[in-house]
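Structural features, examined
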Amino acid sequence: MFAFIWLLLWWDYRADRAQNTDDPAFVAEFELTDHQGMIRTEEDFAGRWMLVFFGFANCPDVCPTTLAEVAAVVDGLGEDAEKVQPIFISIDPERDTPMALADFVPRFDSGIIGLTGTSKQIAETAETFPIYFERIEEASAPDGYTMGHTSHLFLFDPQAGFVDSWSYGTPAEEILADLRKRI
Amino acid sequence: MKKRPYVKGLAVIFMLAGLSAPAFSGSEDVNVENAWSRASIGASRPGAAYMIVRNTGEDAVTLTGLTTPLAMMPEIHETKTNADGVSSMTPAGEITIEAGESLALEPGGLHVMLMNLQNPMTEGETFPLTLTFSDGDEVTVDVPILDIAARGPEG
(Lines give C-alpha, C1' and ligand atoms only; values in the text may rest on other atoms or scores of the structure.)
Protein backbone atom coordinates (compact mmCIF):
# COMPACT_ATOMS: atom_id res chain seq x y z
CA MET A 1 0.00 0.00 0.00
CA PHE A 2 2.80 2.46 0.84
CA ALA A 3 4.45 1.59 -2.42
CA PHE A 4 1.19 2.40 -4.17
CA ILE A 5 0.87 5.82 -2.52
CA TRP A 6 4.49 6.48 -3.29
CA LEU A 7 3.85 5.63 -6.93
CA LEU A 8 0.91 8.01 -7.07
CA LEU A 9 2.96 10.83 -5.55
CA TRP A 10 5.79 10.08 -7.88
CA TRP A 11 3.38 10.13 -10.81
CA ASP A 12 2.04 13.55 -9.75
CA TYR A 13 5.55 14.85 -9.32
CA ARG A 14 6.57 13.69 -12.74
CA ALA A 15 3.39 15.05 -14.34
CA ASP A 16 4.00 18.45 -12.66
CA ARG A 17 7.53 18.51 -13.85
CA ALA A 18 6.39 17.68 -17.37
CA GLN A 19 4.11 20.68 -17.46
CA ASN A 20 7.03 23.01 -16.81
CA THR A 21 9.33 21.73 -19.49
CA ASP A 22 9.13 20.05 -22.84
CA ASP A 23 10.81 16.97 -21.44
CA PRO A 24 8.65 13.87 -21.35
CA ALA A 25 7.20 13.01 -17.93
CA PHE A 26 9.20 9.81 -18.06
CA VAL A 27 11.04 7.60 -20.46
CA ALA A 28 10.20 3.95 -21.07
CA GLU A 29 12.98 1.74 -19.74
CA PHE A 30 12.93 -2.01 -19.61
CA GLU A 31 14.97 -5.12 -20.15
CA LEU A 32 12.67 -8.08 -20.59
CA THR A 33 12.32 -11.30 -22.57
CA ASP A 34 9.96 -11.35 -25.54
CA HIS A 35 7.62 -14.18 -26.48
CA GLN A 36 10.27 -15.61 -28.78
CA GLY A 37 12.81 -15.77 -25.97
CA MET A 38 14.87 -12.73 -27.03
CA ILE A 39 16.04 -10.05 -24.60
CA ARG A 40 14.46 -6.73 -25.49
CA THR A 41 15.05 -3.20 -24.26
CA GLU A 42 13.45 0.08 -25.28
CA GLU A 43 16.48 0.66 -27.51
CA ASP A 44 15.31 -2.14 -29.81
CA PHE A 45 12.33 0.00 -30.71
CA ALA A 46 14.15 3.35 -31.10
CA GLY A 47 12.75 5.29 -34.02
CA ARG A 48 9.30 3.78 -33.62
CA TRP A 49 6.37 4.76 -31.47
CA MET A 50 5.53 2.28 -28.71
CA LEU A 51 2.03 1.40 -27.55
CA VAL A 52 2.59 -0.28 -24.18
CA PHE A 53 0.06 -2.00 -21.96
CA PHE A 54 0.17 -4.40 -19.05
CA GLY A 55 -1.75 -7.56 -18.33
CA PHE A 56 -1.58 -11.31 -17.85
CA ALA A 57 -2.57 -14.26 -19.97
CA ASN A 58 -5.00 -15.71 -17.39
CA CYS A 59 -7.05 -12.50 -17.52
CA PRO A 60 -10.28 -13.30 -19.35
CA ASP A 61 -11.86 -9.84 -19.62
CA VAL A 62 -9.74 -6.69 -19.56
CA CYS A 63 -6.61 -8.09 -21.23
CA PRO A 64 -8.23 -9.76 -24.27
CA THR A 65 -10.41 -6.68 -24.65
CA THR A 66 -7.39 -4.36 -24.69
CA LEU A 67 -5.48 -6.73 -26.98
CA ALA A 68 -8.49 -6.79 -29.34
CA GLU A 69 -8.67 -2.99 -29.32
CA VAL A 70 -4.93 -2.70 -29.99
CA ALA A 71 -5.24 -5.23 -32.83
CA ALA A 72 -8.01 -3.06 -34.29
CA VAL A 73 -5.78 0.03 -33.97
CA VAL A 74 -2.95 -1.78 -35.79
CA ASP A 75 -5.40 -2.82 -38.50
CA GLY A 76 -6.65 0.73 -38.83
CA LEU A 77 -3.13 2.12 -39.16
CA GLY A 78 -2.61 0.19 -42.38
CA GLU A 79 0.82 1.00 -43.82
CA ASP A 80 1.60 3.28 -40.87
CA ALA A 81 1.50 0.24 -38.59
CA GLU A 82 5.25 -0.21 -39.11
CA LYS A 83 5.83 3.09 -37.30
CA VAL A 84 4.16 1.75 -34.16
CA GLN A 85 5.24 -1.18 -31.98
CA PRO A 86 2.49 -2.55 -29.71
CA ILE A 87 3.96 -4.18 -26.59
CA PHE A 88 2.13 -6.27 -24.01
CA ILE A 89 4.05 -6.56 -20.72
CA SER A 90 3.05 -9.34 -18.32
CA ILE A 91 2.65 -8.49 -14.65
CA ASP A 92 2.21 -12.21 -13.86
CA PRO A 93 5.73 -13.56 -14.53
CA GLU A 94 5.04 -16.64 -12.41
CA ARG A 95 2.64 -18.03 -15.02
CA ASP A 96 3.52 -16.00 -18.10
CA THR A 97 6.66 -17.63 -19.44
CA PRO A 98 7.79 -16.52 -22.91
CA MET A 99 6.22 -19.72 -24.23
CA ALA A 100 2.88 -18.96 -22.56
CA LEU A 101 2.92 -15.49 -24.10
CA ALA A 102 3.85 -16.90 -27.52
CA ASP A 103 0.60 -18.83 -27.41
CA PHE A 104 -1.44 -15.79 -26.42
CA VAL A 105 -0.28 -12.34 -27.52
CA PRO A 106 0.40 -12.86 -31.27
CA ARG A 107 -3.01 -14.47 -31.72
CA PHE A 108 -4.59 -11.04 -31.49
CA ASP A 109 -2.20 -9.51 -34.01
CA SER A 110 1.08 -10.97 -35.19
CA GLY A 111 2.75 -7.58 -34.73
CA ILE A 112 2.16 -7.38 -30.98
CA ILE A 113 5.19 -8.32 -28.89
CA GLY A 114 4.68 -9.97 -25.51
CA LEU A 115 7.30 -9.27 -22.84
CA THR A 116 7.89 -11.02 -19.54
CA GLY A 117 10.76 -11.52 -17.11
CA THR A 118 11.66 -12.47 -13.60
CA SER A 119 9.52 -11.08 -10.76
CA LYS A 120 12.33 -8.63 -10.04
CA GLN A 121 12.50 -7.44 -13.64
CA ILE A 122 8.74 -6.93 -13.76
CA ALA A 123 8.78 -5.04 -10.46
CA GLU A 124 11.54 -2.78 -11.80
CA THR A 125 9.63 -2.19 -15.03
CA ALA A 126 6.49 -1.32 -13.06
CA GLU A 127 8.48 1.23 -11.09
CA THR A 128 9.97 2.99 -14.09
CA PHE A 129 6.67 3.39 -15.93
CA PRO A 130 5.13 3.74 -13.22
CA ILE A 131 2.29 1.29 -13.07
CA TYR A 132 0.68 -0.54 -10.20
CA PHE A 133 -0.02 -4.24 -9.95
CA GLU A 134 -0.90 -6.61 -7.17
CA ARG A 135 -1.57 -10.25 -6.63
CA ILE A 136 -5.07 -10.86 -5.25
CA GLU A 137 -5.71 -14.15 -3.48
CA GLU A 138 -8.98 -15.46 -4.87
CA ALA A 139 -9.90 -19.01 -4.01
CA SER A 140 -12.18 -19.43 -7.02
CA ALA A 141 -9.62 -18.16 -9.54
CA PRO A 142 -7.30 -20.51 -11.45
CA ASP A 143 -4.25 -21.31 -9.24
CA GLY A 144 -5.98 -19.44 -6.40
CA TYR A 145 -5.07 -15.93 -7.46
CA THR A 146 -5.83 -13.16 -9.90
CA MET A 147 -4.02 -9.91 -10.63
CA GLY A 148 -5.06 -6.29 -10.35
CA HIS A 149 -3.13 -3.96 -12.62
CA THR A 150 -3.03 -0.58 -14.32
CA SER A 151 -5.12 -0.95 -17.45
CA HIS A 152 -4.05 2.19 -19.29
CA LEU A 153 -2.58 2.06 -22.77
CA PHE A 154 0.60 4.16 -22.88
CA LEU A 155 2.03 5.90 -25.94
CA PHE A 156 5.77 6.61 -26.21
CA ASP A 157 7.43 8.64 -28.95
CA PRO A 158 10.32 7.37 -31.11
CA GLN A 159 12.77 8.51 -28.39
CA ALA A 160 10.84 6.40 -25.82
CA GLY A 161 9.45 9.52 -24.12
CA PHE A 162 6.01 9.26 -22.60
CA VAL A 163 3.43 11.11 -24.71
CA ASP A 164 -0.04 10.16 -23.57
CA SER A 165 -2.17 7.38 -22.17
CA TRP A 166 -5.70 6.18 -22.77
CA SER A 167 -7.80 4.68 -20.02
CA TYR A 168 -9.21 1.19 -20.35
CA GLY A 169 -12.34 1.13 -22.50
CA THR A 170 -11.26 3.87 -24.92
CA PRO A 171 -12.56 2.65 -28.30
CA ALA A 172 -9.97 1.70 -30.91
CA GLU A 173 -11.39 4.36 -33.27
CA GLU A 174 -10.59 7.13 -30.79
CA ILE A 175 -7.07 5.83 -30.16
CA LEU A 176 -6.52 5.52 -33.90
CA ALA A 177 -7.66 9.10 -34.57
CA ASP A 178 -5.33 10.39 -31.79
CA LEU A 179 -2.43 8.34 -33.12
CA ARG A 180 -2.90 9.52 -36.69
CA LYS A 181 -2.59 13.12 -35.55
CA ARG A 182 0.73 12.40 -33.86
CA ILE A 183 2.69 9.97 -35.96
CA MET B 1 -52.93 -16.63 -24.13
CA LYS B 2 -53.05 -12.87 -24.06
CA LYS B 3 -49.30 -12.59 -24.31
CA ARG B 4 -48.92 -14.67 -27.42
CA PRO B 5 -49.52 -12.13 -30.21
CA TYR B 6 -47.24 -9.70 -28.45
CA VAL B 7 -44.40 -12.15 -28.26
CA LYS B 8 -44.83 -13.06 -31.94
CA GLY B 9 -44.92 -9.37 -32.81
CA LEU B 10 -41.66 -8.86 -30.99
CA ALA B 11 -40.03 -11.71 -32.85
CA VAL B 12 -41.14 -10.19 -36.16
CA ILE B 13 -39.75 -6.80 -35.14
CA PHE B 14 -36.43 -8.39 -34.29
CA MET B 15 -36.32 -10.14 -37.64
CA LEU B 16 -37.26 -6.99 -39.54
CA ALA B 17 -34.62 -5.03 -37.73
CA GLY B 18 -32.07 -7.63 -38.74
CA LEU B 19 -31.11 -8.25 -35.14
CA SER B 20 -30.56 -11.66 -33.80
CA ALA B 21 -33.77 -12.86 -32.24
CA PRO B 22 -33.33 -13.21 -28.51
CA ALA B 23 -32.51 -16.79 -27.69
CA PHE B 24 -34.57 -18.04 -24.83
CA SER B 25 -36.28 -21.00 -23.41
CA GLY B 26 -37.78 -21.43 -20.00
CA SER B 27 -38.75 -18.21 -18.22
CA GLU B 28 -41.07 -15.97 -20.20
CA ASP B 29 -39.99 -12.82 -18.43
CA VAL B 30 -36.29 -12.89 -19.14
CA ASN B 31 -34.74 -12.42 -22.55
CA VAL B 32 -31.08 -12.78 -23.34
CA GLU B 33 -29.75 -10.81 -26.28
CA ASN B 34 -26.48 -10.25 -28.08
CA ALA B 35 -24.65 -13.10 -26.38
CA TRP B 36 -21.03 -13.58 -27.48
CA SER B 37 -17.68 -14.86 -26.34
CA ARG B 38 -14.13 -15.05 -27.61
CA ALA B 39 -12.30 -18.15 -28.75
CA SER B 40 -9.80 -19.47 -26.18
CA ILE B 41 -6.32 -20.90 -26.51
CA GLY B 42 -6.65 -24.37 -25.09
CA ALA B 43 -8.67 -24.99 -21.96
CA SER B 44 -6.21 -24.09 -19.22
CA ARG B 45 -7.17 -20.42 -18.89
CA PRO B 46 -10.58 -18.99 -18.07
CA GLY B 47 -12.86 -17.63 -20.77
CA ALA B 48 -15.46 -14.88 -20.64
CA ALA B 49 -18.92 -14.38 -22.14
CA TYR B 50 -21.02 -11.28 -22.62
CA MET B 51 -24.73 -10.59 -23.16
CA ILE B 52 -27.69 -8.43 -22.25
CA VAL B 53 -30.17 -10.00 -19.80
CA ARG B 54 -33.49 -8.21 -20.05
CA ASN B 55 -36.24 -8.53 -17.46
CA THR B 56 -39.46 -7.94 -19.39
CA GLY B 57 -41.66 -9.08 -16.50
CA GLU B 58 -43.43 -7.10 -13.83
CA ASP B 59 -41.35 -8.37 -10.93
CA ALA B 60 -37.69 -8.10 -10.08
CA VAL B 61 -35.68 -11.24 -10.79
CA THR B 62 -32.46 -12.33 -9.10
CA LEU B 63 -29.81 -14.18 -11.05
CA THR B 64 -28.44 -16.78 -8.67
CA GLY B 65 -26.37 -19.10 -10.77
CA LEU B 66 -25.01 -20.27 -14.09
CA THR B 67 -24.41 -23.70 -15.56
CA THR B 68 -22.84 -24.82 -18.80
CA PRO B 69 -21.28 -28.06 -20.00
CA LEU B 70 -18.36 -25.93 -21.25
CA ALA B 71 -17.05 -24.92 -17.82
CA MET B 72 -17.10 -26.51 -14.39
CA MET B 73 -17.28 -23.12 -12.70
CA PRO B 74 -19.17 -20.41 -14.53
CA GLU B 75 -19.67 -17.29 -12.41
CA ILE B 76 -20.55 -13.65 -12.82
CA HIS B 77 -17.47 -11.57 -12.08
CA GLU B 78 -17.03 -7.85 -12.05
CA THR B 79 -14.08 -5.92 -13.39
CA LYS B 80 -13.63 -2.64 -11.57
CA THR B 81 -11.26 0.09 -12.62
CA ASN B 82 -10.45 2.64 -9.92
CA ALA B 83 -9.62 6.32 -10.35
CA ASP B 84 -5.94 5.45 -10.78
CA GLY B 85 -6.70 3.17 -13.70
CA VAL B 86 -6.04 -0.04 -11.79
CA SER B 87 -8.37 -2.82 -12.90
CA SER B 88 -9.16 -5.90 -10.86
CA MET B 89 -11.83 -8.55 -10.81
CA THR B 90 -14.03 -10.05 -8.10
CA PRO B 91 -16.99 -12.48 -8.03
CA ALA B 92 -20.21 -10.45 -8.20
CA GLY B 93 -22.51 -12.79 -6.27
CA GLU B 94 -26.25 -12.68 -6.92
CA ILE B 95 -27.57 -9.91 -9.13
CA THR B 96 -31.10 -8.52 -9.03
CA ILE B 97 -32.62 -7.11 -12.20
CA GLU B 98 -35.58 -4.82 -11.53
CA ALA B 99 -38.77 -5.12 -13.61
CA GLY B 100 -38.24 -3.57 -17.03
CA GLU B 101 -34.49 -3.25 -16.46
CA SER B 102 -31.65 -5.09 -18.09
CA LEU B 103 -28.30 -6.34 -16.95
CA ALA B 104 -25.41 -5.66 -19.30
CA LEU B 105 -22.65 -8.24 -19.12
CA GLU B 106 -19.93 -6.51 -21.12
CA PRO B 107 -16.15 -6.13 -21.39
CA GLY B 108 -14.69 -4.19 -18.49
CA GLY B 109 -17.73 -4.59 -16.26
CA LEU B 110 -19.89 -7.46 -15.12
CA HIS B 111 -19.24 -10.52 -17.24
CA VAL B 112 -19.59 -14.27 -17.23
CA MET B 113 -16.30 -15.84 -16.20
CA LEU B 114 -15.92 -19.40 -17.45
CA MET B 115 -13.52 -21.25 -15.17
CA ASN B 116 -12.28 -24.82 -15.54
CA LEU B 117 -13.05 -25.07 -19.23
CA GLN B 118 -13.84 -28.63 -20.24
CA ASN B 119 -12.65 -28.05 -23.78
CA PRO B 120 -11.19 -25.16 -25.79
CA MET B 121 -13.58 -22.50 -27.04
CA THR B 122 -13.47 -22.81 -30.81
CA GLU B 123 -14.41 -19.96 -33.12
CA GLY B 124 -17.62 -20.68 -35.05
CA GLU B 125 -19.05 -22.97 -32.39
CA THR B 126 -21.65 -22.15 -29.75
CA PHE B 127 -22.18 -23.38 -26.22
CA PRO B 128 -25.34 -23.48 -24.09
CA LEU B 129 -25.39 -21.37 -20.93
CA THR B 130 -28.23 -21.69 -18.42
CA LEU B 131 -29.07 -18.78 -16.17
CA THR B 132 -30.90 -19.73 -12.96
CA PHE B 133 -33.07 -17.27 -11.07
CA SER B 134 -34.15 -17.19 -7.43
CA ASP B 135 -37.73 -18.19 -8.30
CA GLY B 136 -36.40 -21.37 -9.90
CA ASP B 137 -36.85 -20.12 -13.44
CA GLU B 138 -34.14 -20.96 -15.92
CA VAL B 139 -33.19 -19.42 -19.22
CA THR B 140 -30.84 -21.18 -21.61
CA VAL B 141 -29.02 -19.26 -24.28
CA ASP B 142 -26.69 -20.45 -27.04
CA VAL B 143 -23.56 -18.32 -26.87
CA PRO B 144 -21.67 -17.93 -30.16
CA ILE B 145 -17.88 -18.19 -29.97
CA LEU B 146 -16.31 -15.46 -32.08
CA ASP B 147 -12.75 -14.62 -33.12
CA ILE B 148 -10.23 -14.32 -30.26
CA ALA B 149 -9.91 -10.60 -31.08
CA ALA B 150 -13.68 -9.97 -31.31
CA ARG B 151 -14.76 -6.63 -29.89
CA GLY B 152 -18.50 -7.19 -29.61
CA PRO B 153 -21.42 -9.41 -30.64
CA GLU B 154 -20.85 -8.43 -34.28
CA GLY B 155 -17.25 -9.67 -34.12
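See the structure printed just above.
Calculation notes
- Residues numbered from 1 in each chain as written.
- Chains lettered and ligands numbered in written order.
- Predicted model: local features only at pLDDT ≥ 70, side-chain atom pairs only at ≥ 80, totals over all residues.
- Heavy atoms only, no water.
- Helix = DSSP H or I, 4+ residues; strand = E, 2+ residues; numbered from the N terminus.
- Buried < 20%, exposed > 50% of the residue type's maximum accessible area, 1.4 Å probe, protein only.
- Contact = heavy atoms within 4.5 Å.
- Core = buried A, V, L, I, M, F, W, Y, C linked by side-chain atoms within 4.5 Å.
- Pairing = 2+ DSSP bridges.
- Axes fitted to C-alpha atoms, helices over the stretch in contact; angles between N-to-C directions.
- Polar contact = N/O pair within 3.5 Å; in protein donor to acceptor, adjacent residues only side chain to side chain.
- Phe/Tyr/Trp six-rings, centres within 6.5 Å; stacked < 30°, edge-to-face > 60°.
- Lys NZ or Arg CZ within 6 Å of the ring centre and 35° of its normal.
- Buried area = accessible area lost by both parts, 1.4 Å probe.
- Salt bridge = Lys/Arg side-chain N within 4 Å of Asp/Glu carboxyl O.
- Nonpolar A, V, L, I, M, F, W, Y, C, P; charged D, E, K, R; others polar.

**Side note on the side chain of Thr146(A)**
Take Thr146(A): it is sitting in strand β7 (residues 145-150). Note on Thr146(A): relative accessible area 5%, which makes it buried. Excluding its chain neighbours within four sequence positions, the residues that come into contact with Thr146(A) are Phe56(A), Glu134(A), Arg135(A), Ile136(A), Glu138(A), Ala141(A) and Met89(B).

**Some details on the nonpolar core**
Formed by 88 residues in total, the largest nonpolar core has its most connected members in Phe129(A), Met51(B) and Val53(B). Residue contributions to this core peak at nine residues, all from helix α2 (residues 62-77) of chain A. Among residues more than four places away in sequence, those in contact with Met51(B) are Val32(B), Glu33(B), Asn34(B), Ala35(B), Leu103(B), Ala104(B), Leu105(B), Val112(B), Leu129(B), Val141(B) and Val143(B). Counting residues in each nonpolar core, the second largest holds five residues, with Trp36(B), Ala48(B), Tyr50(B) and Leu146(B) among its members.

**Considerations on the sheet that holds strand β9 (residues 162-166) of chain A**
All names here are of chain A. Judged by pairing direction, the sheet is mixed, and its seven strands sit side by side in the order β2-β1-β5-β4-β3-β8-β9 without closing on themselves. Of all strands in the sheet, those with a lone pairing partner are β2 (39-41) and β9, marking the two edges. Put simply, the sheet's adjacent strands are angled 35° from each other on average, direction ignored. Of the pairings in the sheet, the one linking strand β4 (residues 84-90) to strand β5 (residues 113-116) comprises three bridges and is parallel in character. Residue Ile87 lies in a different strand from β5, and its bridge partner there is Ile113. Sheet strands touched by helix α4 (residues 119-128): β1 (31-34), β3 (49-55), β4 and β5. Its angle to β1, the strand with the most contacts, is close to 120°.

**Details of the side chain of Thr150(A)**
Structurally, Thr150(A) can be placed in strand β7. Within the local environment of Thr150(A), its side chain forms a polar contact with the backbone nitrogen of Tyr132(A), the two atoms lying 2.9 Å apart. Beyond its immediate stretch of four places on either side in the chain, Thr150(A) contacts Phe54(A), Ile131(A), Tyr132(A), Gly85(B) and Val86(B).

**Looking at the packing of aromatic side chains**
Enumeration according to the criterion identifies 15 aromatic pairs over all chains in this entry. Geometrically, the ring pair formed by Phe26(A) and Phe129(A) is edge-to-face, given 6.3 Å between the ring centres and 70° between the ring planes. Of this pair, Phe26(A) sits in the loop between α1 (2-20) and β1 while Phe129(A) sits in the loop between α4 and β6 (133-137), and the two are 103 residues apart along the sequence. By relative accessible area, which is 3% here, Phe26(A) ends up buried. A relative accessible area of 0% places Phe129(A) in the buried class. Pairing Trp36(B) with Tyr50(B) gives two aromatic rings, centres 4.7 Å apart and planes at 35°, and the pair type is tilted. Within this pair, whereas Trp36(B) is found in strand β1 (residues 30-38), its partner Tyr50(B) is found in strand β2 (residues 47-55), the two being separated by 14 residues in sequence. Trp36(B) gets classed as buried once you look at its relative accessible area, which sits at 4%. Every member of this aromatic cluster is reached through a ring pair, and the members are Phe26(A), Phe54(A), Phe129(A), Phe154(A), Phe156(A) and Phe162(A). Taking NZ or CZ as reference, Arg95(A) lies 3.9 Å from the ring centre of Tyr145(A), over its face. Over the face of the ring belonging to Tyr145(A) we find Arg135(A), whose NZ or CZ atom lies 3.7 Å from the ring centre.

**Section: the interface of chain A and chain B**
At the interface, 33 residues of chain A touch 31 residues of chain B. When the two sides are added together, the surface that chain A and chain B hide from each other amounts to roughly 2,400 Å², 59% of it contributed by carbon and sulfur. When residues of chain A are sorted by the area they lose upon contact with chain B, Pro60(A), Asp61(A) and Ser140(A) head the list and together hold 24% of the total. Linking chain A with chain B are two salt bridges. Residues Arg151(B) and Glu173(A) are paired through a salt bridge, measuring 3.1 Å at the closest nitrogen-oxygen approach. Here chain A and chain B share 12 residue pairs in polar contact (both at pLDDT 80 or more) between them. Breaking the side of chain A that touches chain B down by element, the ones donating at least two residues are α1, α2, β7 and α5 (172-182) of chain A. Residue contributions to the side of chain A that touches chain B peak at six residues, all from α2(A). In terms of residue class, the side of chain A that touches chain B is made up of 18 nonpolar, nine polar and six charged. Looking at chain direction, β7(A) and strand β5 (residues 86-91) of chain B are connected through two bridges and run antiparallel.

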